[in-house]
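Listed below, chain by chain, are the residues.
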Amino acid sequence: MPRFIIERSVPPLTRAQLDQAGRLSVDVLKDMPDVRWIRSYVSDAEGKIYCEYDAPSAEAIREHARRAGLPVDRISEIALEINPAMFS
């Protein structure tokens, strides 16, 4: 299954707003079994959230975002995952 990084521009969000968005995202995913949210990183300084997903296509990511009311600035498919353990 392809892996993607999604970049989202967001205004400053409270923890309650992040909680609400996360719960809505998970609810939408219940009807999209081929899409899996791995994790997200929030950068308050940049006004961005970077999300990691497994999905069959970028279009499936866009559909999830549409249903959940989430912004999408950029979707990048990951070609290769590397980590420090691979080089020791």
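Right above here is the structure, for reference.
Let me sum up the structure you'll find in this document. Small disclaimer: the values here were computed from a predicted structure and weren't measured.

### Some remarks on empty space enclosed by the protein
Now for step 1: Here the structure, examined in full by the defined rule, presents one cavity of 30 Å³ or more.
Now for step 2: Contributing to the lining of the largest cavity are Val10, Pro11, Pro12, Leu13, Val42, Ser43, Asp44, Gly47 and Lys48.
Now for step 3: For the lining of the largest cavity, the class distribution of residues is five nonpolar, two polar and two charged.

### Observations concerning the nonpolar core
Now for step 1: Grouped together as the largest cluster of nonpolar side chains are 15 residues, with contacts concentrated most on Phe4, Ile6, Val35, Tyr53, Ala55 and Ile61.
Now for step 2: Secondary structure elements with two or more residues in this core: β1 (3–9), α1 (15–29), β3 (48–54) and α2 (58–68).
Now for step 3: If sequence neighbours within four positions are ignored, Ala55 has contacts with Met1, Pro2, Phe4, Asp34, Val35, Ala60 and Ile61.

### Here's the deal with the side chain of Lys48
Now for step 1: By the secondary structure assignment, Lys48 is in strand β3.
Now for step 2: Contacts of Lys48, omitting those with residues within four sequence positions, involve Glu7, Arg8, Ser9, Val10, Tyr41, Val42, Ser43 and Asp73.

### Things to note about the environment of Ala58
Now for step 1: As for its position among the elements, Ala58 is in helix α2.
Now for step 2: In sequence terms Ala58 and Glu81 are 23 residues apart; their C-alpha atoms lie 18 Å from each other.
Now for step 3: Residues in contact with Ala58, not counting those within four places in the same chain, are Phe4 and Ile75.

### Observations regarding the layout of surface pockets
Now for step 1: The volume enclosed by the largest pocket comes to roughly 360 Å³.
Now for step 2: Lining the largest pocket are 19 residues; nearest its centre among them are Leu18, Ala21, Gly22, Ile49 and Leu70.
Now for step 3: At the level of secondary structure, the elements contributing two or more residues to the lining of the largest pocket comprise α1, β2 (36–43) and β3.
Now for step 4: With six residues, the single largest contributor to the lining of the largest pocket is α1.

### Points about the pairing of β1
Now for step 1: By the bridge criterion, seven bridges tie β1 to β3 in an arrangement that is antiparallel. If you follow Arg3 over to β3, its bridge partner there is Asp54.
Now for step 2: The pairing of β1 with strand β4 (residues 74–77) spans four bridges and is antiparallel. Paired with Ile5 across the two strands is Ser76, which belongs to β4.

### A look at the pattern of salt bridges
Now for step 1: All chains considered together, the criterion is met by twelve salt bridges.
Now for step 2: For the salt bridge of Asp19 with Arg23, the shortest nitrogen-to-oxygen distance reads 2.9 Å. Of the two residues, Asp19 and Arg23 both sit in helix α1, four residues apart, roughly one turn of that helix.
Now for step 3: Three or more residues joined by partner-sharing salt bridges are found here, namely Arg3, Arg36, Arg39, Glu52, Asp54 and Glu81.

The rules we used
- By convention here, each chain's residues receive numbers from 1 onward along its written sequence.
- This being a predicted model, a pLDDT of at least 70 is required before a residue's local features are given, and a value of 80 or more before pairs of side-chain atoms are given or counted; all residues contribute to the totals for chains, interfaces and linings.
- Side-chain metrics in this entry use all non-hydrogen atoms of the structure; hydrogen atoms and water are not considered.
- A cavity here means a set of points on a 1 Å grid, drawn over the protein atoms and nothing else, where a 1.4 Å probe fits but cannot get out; a pocket is an open set with protein on both sides within 12 Å along at least five of seven lines, and a residue lines either one if it has an atom within 4 Å of a point.
- Grid points are joined across faces, edges and corners, and a volume is the space filled by probe spheres set on the points.
- Note on residue categories: nonpolar means Ala, Val, Leu, Ile, Met, Phe, Trp, Tyr, Cys or Pro, charged means Asp, Glu, Lys or Arg, and polar means any other residue, Gly included.
- What is meant by a nonpolar core is a set of buried Ala, Val, Leu, Ile, Met, Phe, Trp, Tyr and Cys residues, joined one to another through side-chain atoms within 4.5 Å.
- A simple rule labels every residue: compare its accessible area, found with a 1.4 Å probe on the protein chains alone, to the largest value its type can have, and call it buried under 20%, exposed over 50%, or partly exposed in between.
- The helix and strand labels rest on DSSP assignments: H or I over at least four residues marks a helix, E over at least two residues marks a strand, and numbering proceeds from the N terminus.
- Whether two residues are in contact is decided by their heavy atoms: any pair within 4.5 Å suffices.
- Two strands pair if DSSP finds at least two bridges between them.
- Here a salt bridge means any side-chain nitrogen of Lys or Arg lying within 4 Å of a carboxyl oxygen belonging to Asp or Glu.

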